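Residue-level structure breakdown
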Amino acid sequence: MSEALVPSALFRLLTFLSPAFPVGAFTYSHGLEQVIEDEVVTDAGTLADWLEDILRHGAGRSDAILLRQTLLAAREGKEEAVCEIIDLGLTLQPSKERYLESSAQGTAFVRAIRQAWMPEADTPACRLLEKLSDPETGRDTWPYPVAAGLAAAAWSLPVEAVLTAYLQAFTSNLISVAVRAVPIGQSDGQRVLARMEPVIAAVAGEAQACGLDDLGTSTFLADIASMEHETKYSRLFRS
C-alpha cells in the first residue's frame, strides 16, 4: 500500500526537487551536450530514446535504488549503512565529470537542507541528518540521491512519491539541456516529458523491489560521452 502524501509533505518534496533549489542542476548535462555535438541526439525522438535508456539502464535506475535504500536505512537510524551507501554512490560514478555532477549537487543539497530545512522532530532519521550534515564532524561529500534520500527520511516523505519526483526532476533537467542545446522547442520538450511518464513510473516501481546488490548500469555510450566531454575546449555545461 502506498504511503499518503499529505499537503505539508508535498510542499517540501516540491521544494527540495524544484529547479529553484540551490544545487546547480542546470549546469550539468550528464554527457548529453557531447552526444548532441556528435549528432546522436538531434530531435525530440532521439532525445526520448536516449533518456529512456538512461532511466531504465543507467543513472536513473541506480540513483533510484540508492535513494530508496538510504531512505529506509535512515528511517531506522542505521548510520553505518547510510555511510556505506554514501561511499558506494560516489564510487559508482563512471567519470570525473559524473562524479562532480553527483557530488557537487548532493553536497549543495545537504548544505541547503542544513541552512534552511532542518526538521525539529526527534526521530532516528533526524538525528542522523543532524550528525552526518555537521560541517565540522560530518561527511563532507555526498552523492545526490543519497542526500535526497536522507532528507526525505528526516522529513518522513513517502518513498514512492520521492522516487517519482526525483526521477521527474532529473529527466526535466536533461530535457531543458536539449531545449537549449539541440535546440528543440518547448512544446517538443513537454512531449518528451509526457512520453517519459510511464518510464519513470516503471523505474520507480522497479527500484521499490531492488536492493544494493541489484545496482549496475549498461549505458556505455553515455559513460563514454561523459569522458569525452571532459576534453571539450568550449562547453555550456559542466558535465
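In this report, we go over the structure that sits alongside the text. (Residues numbered from 1 in each chain as written. Predicted model: local features only at pLDDT ≥ 70, side-chain atom pairs only at ≥ 80, totals over all residues. Heavy atoms only, no water.)

Looking now at the side chain of Arg-98. You can see Arg-98 is positioned in helix H6 (residues 96-116). A polar contact of 3.2 Å, which involves the side chain of Arg-98, links it to the side chain of Asp-223. The residues contacting Arg-98, other than those within four sequence positions of it, are His-30, Ala-59, Gln-93, Ala-222, Asp-223 and Ser-226. (Helix = DSSP H or I, 4+ residues; strand = E, 2+ residues; numbered from the N terminus. Polar contact = N/O pair within 3.5 Å; in protein donor to acceptor, adjacent residues only side chain to side chain. Contact = heavy atoms within 4.5 Å.)

What follows deals with the packing of helix H4 (residues 59-75) against helix H8 (residues 144-154). Put simply, H4 and H8 touch, their axes get as near as 7 Å, and they point 35° apart. The interaxial crossing formed by H4 with H8 has right-handed handedness. Contacts from Asp-63, Leu-66, Leu-67, Thr-70, Leu-71, Ala-74 and Arg-75 of H4 reach H8 at Pro-145, Val-146, Ala-148, Gly-149, Leu-150, Ala-152 and Ala-153. Per-class residue counts for the contact of H4 with H8 are 10 nonpolar, two polar and two charged. (Axes fitted to C-alpha atoms, helices over the stretch in contact; angles between N-to-C directions. Left-handed = near helix turned anticlockwise from the far one by under 90°. Nonpolar A, V, L, I, M, F, W, Y, C, P; charged D, E, K, R; others polar.)

It is at 10 Å that the axes of H4 and helix H9 (residues 159-181) come closest, and there the two elements cross at 145°. Considering only the axes of H4 and H9, their crossing is right-handed. In this structure, H4 uses Ala-59, Gly-60, Asp-63, Ala-64, Leu-67, Arg-68, Leu-71, Leu-72 and Arg-75 to contact H9, whose residues at the interface are Val-159, Val-162, Leu-163, Tyr-166, Leu-167 and Phe-170. Of the residues in the contact of H4 with H9, the class split is 11 nonpolar, one polar and three charged.

Apart from glycine, the bulk of residues carry a negative phi angle, and the bulk of peptide bonds sit in the trans form. Geometrically, the link from Val-182 to Pro-183 is a cis peptide bond, its omega value of -10° lying close to zero. Tracing the backbone through its elements, the reader meets Pro-183 in the loop between H9 and helix H10 (186-208). Positive phi is not limited to glycine here, since His-30 has a value of about 60°. Here His-30 lies in the loop between helix H1 (7-16) and helix H2 (32-37). When its relative accessible area of 4% is taken as the criterion, His-30 is described as buried. Positive phi is not limited to glycine here, since Glu-39 has a value of about 60°. You can see Glu-39 is positioned in the loop between H2 and helix H3 (44-57). (Buried < 20%, exposed > 50% of the residue type's maximum accessible area, 1.4 Å probe, protein only.)

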